[in-house]
Amino acid sequence: MTLIKSISGIRGTIGGQVGENLTPIDAVKFAAAYGVWLKQQRQKEKHKVVVGRDARISGKMIQNLVMNTLVGLGIDVVDVGLSTTPTVEVAVPLEHADGGIILTASHNPKQWNALKLLNEKGEFIDAVEGGKILDIAESDAMHFADVDSLGRITKNKAYIDLHIIEVLDLDLVNVKAIEEERFKVVVDGVNSTGGIAIPLLLERLGVEVIKLYCEPNGHFPHNPEPLKEHLTDLSDAVKKHNADFGIVVDPDVDRLAFMDENGDMFGEEYTLVACADYVLSRTPGNTVSNMSSTRALRDVTEKHGGMYEASAVGEVNVVNLMKKNNVVIGGEGNGGIIYPDSHYGRDALVGVALFLSLLADKKMSVSALRKTYPSYFMGKKKIELTPGLDVDGILKSIEERYKNEQLTTIDGVKIDFSESWVHLRKSNTEPIIRIYTEAKSQEEADTLGDKFIAEIGAISNG
């Protein structure tokens, strides 16, 4: 089964069997359920939803199905076309819309697509409201509009530009200082909408841009997850062009990673660490990231006199804890920057602007900047789920084995050792168990991950 219904939306592979994959019928069913939920939530005469998509091959098909389903419910649609996840999030309140849908499967390969669902604030709906939508979808309790009450679709292609203007207007984005540095940057847009938005932003900041895979045709030139092993072409281009650094985003532009001037990864985990360091140096306060993120954020936050706390994985969980703790910046260690002065959503455009402001302030190379932060090494491994594998039972067994260690069980099982940690959890976005580890060396992190893979194997076979 490759249809996943979770806190991260309705996600599946294109084609195949209804109810098991993201088929046209499933796209219509879940779009209709969302529309019905929206009308129940906000009882008024007329409703409006913003819809945008990344550049996936299936995007146009799924978008047309989703938009026309909403029209059939009597809901007006603002079609922002090729866009980014954070751009749609920004567009919802600007349009005074009742919600938004982003058609993207984030970092998943090209055969995947998904419906990411937003509320009237342009923020992801939580698990409780998501559960209501799933219940509506399963009950078929949907009432469509008559012919005189159908919704209308209007197109608005201005929102990437409007989003960029909002980013440039942020108080901590030092446009003048960035322009004076005359940076040269290589951008890997993975042939999706990051190839539109990121170069436009950089050009507005006076940065010389070298484009790599910036044609938004949905044919991803490499695995779209922004990890070191997928980015050899970016590394080569940074060195060839003698660039100051490289930028890579995922297909919907909510994850951001940097590469230093030597073609080496800055570290996806350190995107948030660096941006937080800059924000905290000017607006002291608290931070939040999820449980699978580096300890370095905690260290940097405490250095600036703030308090750090970890949430369960999932953007909505991070956002909820950020609001509760009144934080100045937060996000996820996968390169997701959430900056409340902009909006409560992961935003690579905001991350790029904050990072450039930090570099312009520090006047040092990206490799030198990386050395100023605590050095931790992370391992990210996974186990494919097979039918009959009792994930909850396995995690319970691990919890029992390590009951004398520092345990956190709000999201899978996290075990904090004195010099390292491991976090085991079922993925929200893929049919896998994720095994994240962190230690003082890469070898230790990888060894710790392998140890727990072996333990899980022994438990499941035992």
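For the structure itself, consult the block above.
All figures in this text were calculated on a predicted structure; none of them were measured in a lab. (Residues numbered from 1 in each chain as written. Predicted model: local features only at pLDDT ≥ 70, side-chain atom pairs only at ≥ 80, totals over all residues. Heavy atoms only, no water.)

Draft legend 1. View of the overall build of the protein. Check the secondary structure of the protein and you find 15 helices and 20 strands. Taken against the 2.2 N^0.38 rule, which gives 23 Å for 462 residues, the C-alpha radius of gyration of the protein at 22 Å falls within 12% of a compact globule. Counting only C-alpha atoms, the protein reaches 65 × 60 × 40 Å along its principal axes. Split into buried and exposed, the 462 residues of the protein put 60% on the buried side. With the model as given, the accessible surface of the protein reaches about 18300 Å², and the carbon-plus-sulfur share is 48%. Between the centroid of the 50 positive side chains of the protein and the centroid of its 67 negative side chains there is a distance of 1 Å. (Helix = DSSP H or I, 4+ residues; strand = E, 2+ residues; numbered from the N terminus. Rg over C-alpha atoms; globule rule 2.2 N^0.38 Å. Buried < 20%, exposed > 50% of the residue type's maximum accessible area, 1.4 Å probe, protein only. Areas by Shrake-Rupley, 256 points an atom, 1.4 Å probe, with all protein chains shown as cover. Lys, Arg positive; Asp, Glu negative; His and termini not counted. Charge placed at Lys NZ, Arg CZ, Asp CG, Glu CD.)

Draft legend 2. Just the nonpolar core, in detail. One finds Leu202, Ile247, Ile329, Leu354 and Phe355 to be the most contacted residues of the largest nonpolar core, which totals 59 residues. Tallying contributions element by element places helix H12 (residues 348-362) first for this core, with 11 residues. Residues within four places of isoleucine 247 in sequence aside, it is in contact with Val185, Val186, Val187, Asp188, Ile198, Leu202, Leu234, Leu256, Ala257, Phe258 and Val352. Within the second largest apolar cluster, 31 residues are counted, among which are Leu3, Val49, Val51 and Leu103. (Core = buried A, V, L, I, M, F, W, Y, C linked by side-chain atoms within 4.5 Å. Contact = heavy atoms within 4.5 Å.)

Draft legend 3. Main features of the packing of helix H9 (residues 268-282) against helix H10 (residues 296-303). For the pair H9 and H10, the least separation of the axes is 9 Å and the interaxial angle reads 10 degrees. In terms of orientation, H9 lies roughly parallel with respect to H10. In this structure, H9 uses Tyr270, Leu272, Val273, Ala276, Asp277 and Leu280 to contact H10, whose residues at the interface are Ala296, Leu297, Val300, Thr301 and Lys303. Its residues placed into classes, the contact of H9 with H10 shows 8 nonpolar, 1 polar and 2 charged. (Axes fitted to C-alpha atoms, helices over the stretch in contact; angles between N-to-C directions. Parallel < 35°, antiparallel > 145°, perpendicular 65-115°, else oblique. Nonpolar A, V, L, I, M, F, W, Y, C, P; charged D, E, K, R; others polar.)

Draft legend 4. Quick peek at the side chain of asparagine 286. Along the chain, asparagine 286 falls in the loop between H9 and strand S12 (287-290). Among the polar contacts listed, one links the side chain of asparagine 286 to the backbone nitrogen of methionine 307, at a separation of 2.9 Å. (Polar contact = N/O pair within 3.5 Å; in protein donor to acceptor, adjacent residues only side chain to side chain.)

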